[in-house]
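Here is what each chain is made of, one letter per residue.
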Amino acid sequence: MAIVVENLHKSFGALEVLKGVSLSARKGDVVAIIGGSGSGKSTMLRCINFLETPSSGKIVVAGEEIAMRADGSPADRRQIERIRTRLGMVFQAFNLWTHRTLLENVIEVPVYVLKTPRAEAIARARVLLDRVGLADKADTFPAFLSGGQQQRAAIARALAVDPSVMLFDEPTSALDPELVGEVLTVIRDLAAEGRTMLLVTHEMKFAREVANHVVYLFEGQIEEQGPPDQLFGAPKSARLKQFLQTVG
Amino acid sequence: MESLLDTLGLSQSVQLLSLSPPGWGGNLLRGLANSLQIALGAFGFGLLIGLFGAYGKLYGGPILRDLLAIYTTVIRAVPELVLILILYYVGSDLINQASVAMGYGRVEISGVVAGIWVLGVVQGAYSTEVLRGAIQAIPPGQLEAARAFGMPPLMTLRRVTIPAMMSFATPGLANLWLIATKDTALLAIVGFSELTLETRQAAGSTRAYFTFFLAAGALYLIVTLFSGAIFARIEKWARRGQPSLKEGNR
């Protein structure tokens, strides 16, 4: 199992956002997480690498359980840092480091966190930038690029650590409609090569196409899950039916 | 040349300002060197305090935050001249008492070290606020990205926080540096021979007040102009990767 999440709870003050979510992904799985605004899907993804501290639950990444204190915070800073380097995260708002060029963004974590020799990291970064179609932008700063280009660079940055699991947090939600396609193409290629991915998304057609498992969250609980054809083609839950109708 | 100076009535001033005795130019330059040494030291010490102060105020516990609030409030409330007198005499008194208590007898405190300590403590309070504002101006997503990729806190500080805040901090820090160069003049009151005290002595001995204070003013101006050029370069570097705010200019 690449990822196991068991009985995950998360509250912000009195507001309980996740009410016991369990989910798992084998190596090579592409799990799409869908749901309305406020359903807890982003929070769930962010709990996996502890960007949000879970209130309780259990998270296992590549067979290693993350040690948690009673309040849910990670018990061992080094362990969580090590596991985070195995989870390539792609954010809705790209979050590239604006004071560094695309190449510097991509080599940052390999060189400084993973201590890869610089020349090796640069060679690999160039391959990755080429792969996402940004070879000629290696020395450009993020602010001079379109959203789609920035997001593709962010995917290259996540790939640079050769992650065991990639976490996509609504990767196309901040993009202009005409730029969504270029990012989805890159993600589709990654799925085709067997990358394990958890994908929080609003792109239903895309989820149906690339995912082999779809999870529908409603108010912090899994309302329905299954293979995409079943979930999108023959939804059982009334809420899911209604959700699919509203998002078209 | 000399006849020109004669007709302008400046030959006497040139003699007074010449670098070797009986001219006083050498004394003025030595004073300037002392001033710059203290300003640099105090600015650096202040930056260090400021970085800790800003981090403490942003991420520290309630007690640390309260202590830092007292520090920045008191330092910024009291006139610098008063602070210099307090910190200088209290500081040297405390060191002497400690030294006597440990059986070493009274110690002579170096003027440079005392000056750096006194002005550094003052600068630290202002630096704390400049850096706190700059850190808060960093888009949170950049720090989150560092966290998400497993960067340890100190590496995040060095690789992300400091470079990312530089563009926001540079104008405020340039101000602080210029204030530091001029605050060194206040150390004249505790008898430290920086530029202003040297100038006063030269002027007092020769009665050529106008000449010497004009010369000192020119030296302070030159320092400011040089600093402006250096900070402009730093700011350009810090703002690399950010589009220009001017229209139609990338």
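Everything numeric in this text was worked out from a predicted model, so none of it was measured.

What counts and what doesn't
Residues numbered from 1 in each chain as written. Chains lettered and ligands numbered in written order. Predicted model: local features only at pLDDT ≥ 70, side-chain atom pairs only at ≥ 80, totals over all residues. Helix = DSSP H or I, 4+ residues; strand = E, 2+ residues; numbered from the N terminus. Rg over C-alpha atoms; globule rule 2.2 N^0.38 Å. Buried ≥ 20, exposed ≤ 12 C-beta atoms within 10 Å, placed from the backbone. Contact = placed C-beta atoms within 7 Å. Pairing = 2+ DSSP bridges. Axes fitted to C-alpha atoms, helices over the stretch in contact; angles between N-to-C directions. Nonpolar A, V, L, I, M, F, W, Y, C, P; charged D, E, K, R; others polar. UniProt positions renumbered as here; feature names shortened; annotations may be inferred. Domains from an automatic or database assignment. Parallel < 35°, antiparallel > 145°, perpendicular 65-115°, else oblique. Left-handed = near helix turned anticlockwise from the far one by under 90°.

1. Description of the overall build of chain A
And step 1. For chain A, the count of helices and strands is nine helices and ten strands.
And step 2. In summary, chain A has a C-alpha radius of gyration of 18 Å against a globular reference of 18 Å for 248 residues, a match within 12%.
And step 3. Its C-alpha atoms give chain A principal-axis dimensions of about 50 × 45 × 30 Å.
And step 4. Evaluated residue by residue, chain A yields a buried proportion of 47% over its 248 residues.
And step 5. Within chain A, counting contacts between residues at least 6 apart in sequence, those at least 24 apart form 63% of the total.

2. A short note on the sheet that holds strand β1 (residues 3-12) of chain A
All names here are of chain A.
And step 1. Pairing within the open sheet is antiparallel, and its four strands lie in the order β2-β1-β4-β5. Only two strands of the sheet have a single neighbouring strand rather than two, namely β2 (15-25) and β5 (64-65).
And step 2. Contacts from helix α1 (residues 41-48) reach β1, β2 and β4 (56-61), with the element oriented near 115 degrees to β1.

3. A look at the interface of chain A and chain B
And step 1. Each partner contributes residues to the interface: chain A has 21 residues there, and chain B has 20 residues.
And step 2. If you list the elements that add at least two residues to the side of chain A that touches chain B, you get α2 (77-84) and α3 (102-113) of chain A.
And step 3. Counted by class, the side of chain A that touches chain B contains twelve nonpolar, five polar and four charged residues.

4. Structural notes on the UniProt feature "transmembrane region" (unreviewed entry) in chain B
And step 1. UniProt annotation of "transmembrane region" (unreviewed entry) refers to residues 36-55, 67-89, 109-126 and 208-232 of chain B when read in the numbering used here.
And step 2. Annotated as residues 208-232 of chain B, this span is 96% helix and 0% strand, and its ends, taken at the C-alpha atoms, are 36 Å apart.

5. Quick look at the pairing of β1(A)
Here is the key point about a regular strand: its side chains alternate between the two faces of the sheet.
All names here are of chain A.
And step 1. Strand direction decides the pairing type here: β1 and β2, joined by eight bridges, are antiparallel. If you follow H9 over to β2, its bridge partner there is K19.
And step 2. Counted along the chain from β1 to the antiparallel partner β2, the turn is two residues long, and its residue G13 has a positive phi close to 60 degrees.
And step 3. Sheet topology note: the β1/β4 ladder contains five bridges and is antiparallel. Opposite V4, over in β4, you have V60 as the bridge partner.

6. Points about the domain arrangement of chain A
All names here are of chain A.
And step 1. When cut into domains, chain A gives domain 1 (3-86 + 163-247) and domain 2 (98-162).
And step 2. Here the C-alpha centroids of domain 1 and domain 2 sit 25 Å apart.
And step 3. Across the boundary between the two partners, domain 1 contributes eleven residues, which contact 13 residues of domain 2.
And step 4. Ranked by the residues each element gives to the side of domain 1 that touches domain 2, the list is headed by helix α6 (residues 177-192), at four residues.
And step 5. Within the side of domain 1 that touches domain 2, the residues separate by chemical class into eight nonpolar, one polar and two charged.

7. Regarding the packing of helix α5 (residues 147-159) of chain A against α6(A)
Residue and element names in this part refer to chain A.
And step 1. Taken N-terminus to C-terminus, the directions of α5 and α6 make an angle of 15 degrees; their axes are 8 Å apart at the nearest point. Relative to α6, α5 is oriented roughly parallel. Regarding α5 and α6, the two cross each other, and that crossing is right-handed. Seen from α5, the contacting residues are G147, G148, Q151, R152 and I155; seen from α6, they are L179, E182, V183 and V186.
And step 2. For the contact of α5 with α6, a count of residues per class yields four nonpolar, three polar and two charged.

8. So, unusual backbone geometry
All names here are of chain A.
And step 1. One non-glycine residue, N7, lies in positive phi territory at about 50 degrees.
And step 2. Along the chain, the position of N7 falls in strand β1.
And step 3. Of note in the backbone geometry, K115 takes a positive phi value of approximately 60 degrees without being a glycine.

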